[in-house]
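# Remarks on the overall topology
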Amino acid sequence: MLKEKLQADVKEALKSGNSQKRTLLGMVLSAVKNREFDKRAKVSKTTGETDAVKLDEAAKLNDEEVLETIASEIKKRKDSVEQFEKGGRPELAAQENQEIDILKAYMPEQMSDDAVMAEVKKAIAETGASGPKDMGKVIGAVMAKIKGKADGTLVSRFVKEELSK
């Protein structure tokens with residue numbers, strides 16, 4: 001599982017003295033743990049389960065949920081890069097870009113722009129979308145198929161372009 005790989009990589013980074021990677025992956029694991037706590041609380045409320053072992057098992061994130069967490073961390077860092085560049089802090093932007101590169105190693109291979117555009121066109125045809133008002137429907141259909149393999153901002157931009165024609 002992906003979570004175990006992250007934990008092993010934290011140990012490896014600790015042994016090799018790579019403090020940046022250790023700290024970064026530690027933050028990602030904290031975000032995963034927070035999602036597990038949230039999931040545990042929801043499971044407890046909806047099922048009324050009180051057995052801690054069963055709750056822990058039910059609250060474990062699957063690889064897809066861990067990937068969502070990593071994607072969220074990448075998005076946060078991309079936003080930070082943008083802010084640091086606007087603020088005239090290229091050294092901090094470079095550090096955030098290094099962290100993005102480390103995290104991308106855990107993500108599935110990203111689709112090319114052409115492949116994303118092909119999925120967008122296919123989704124427009126399947127949903128019968130005819131204009132900008134159908135954007136949400138098309139984005140939802142595309143993201144369900146390519147989750148984790150393409151950036152949502154890119155998908156949104158392509159959908160907007162195609163529906164504005």
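The rules behind the values
Residues numbered from 1 in each chain as written. Predicted model: local features only at pLDDT ≥ 70, side-chain atom pairs only at ≥ 80, totals over all residues. Heavy atoms only, no water. Helix = DSSP H or I, 4+ residues; strand = E, 2+ residues; numbered from the N terminus. Buried < 20%, exposed > 50% of the residue type's maximum accessible area, 1.4 Å probe, protein only. Contact = heavy atoms within 4.5 Å. Areas by Shrake-Rupley, 256 points an atom, 1.4 Å probe, with all protein chains shown as cover. Salt bridge = Lys/Arg side-chain N within 4 Å of Asp/Glu carboxyl O.

What follows concerns the overall build of the chain. The secondary structure content of the chain amounts to eight helices and zero strands. Mapped from its N terminus to its C terminus, the chain presents α and β elements in the order α-α-α-α-α-α-α-α. Along the longest, intermediate and shortest principal axes, the C-alpha atoms of the chain span 55 × 50 × 25 Å. Within the span of the chain, comprising 165 residues, buried residues form 32% of the whole. Taking as baseline every contact in the chain between residues at least 6 positions apart, the subset at least 24 positions apart corresponds to 61%. Put simply, the chain shows about 10200 Å² of open surface, and 52% of that area lies on carbon and sulfur atoms.

The next subject is the pattern of salt bridges. When the charged atoms of two side chains lie near each other, side chains of opposite charge can form a pair. Enumeration over the complete set of coordinates arrives at 18 salt bridges. Among the salt bridges present, the one from Lys60 reaches Glu57, with a minimum N-O distance of 3.7 Å. Residues Lys86 and Glu82 are paired through a salt bridge, measuring 3.6 Å at the closest nitrogen-oxygen approach. Of this pair, Lys86 and Glu82 both sit in helix H4 (residues 63-86), separated by four residues, roughly a single helical turn. Through salt bridges with shared partners, a single ionic network connects Glu73, Lys76, Arg77 and Glu99.

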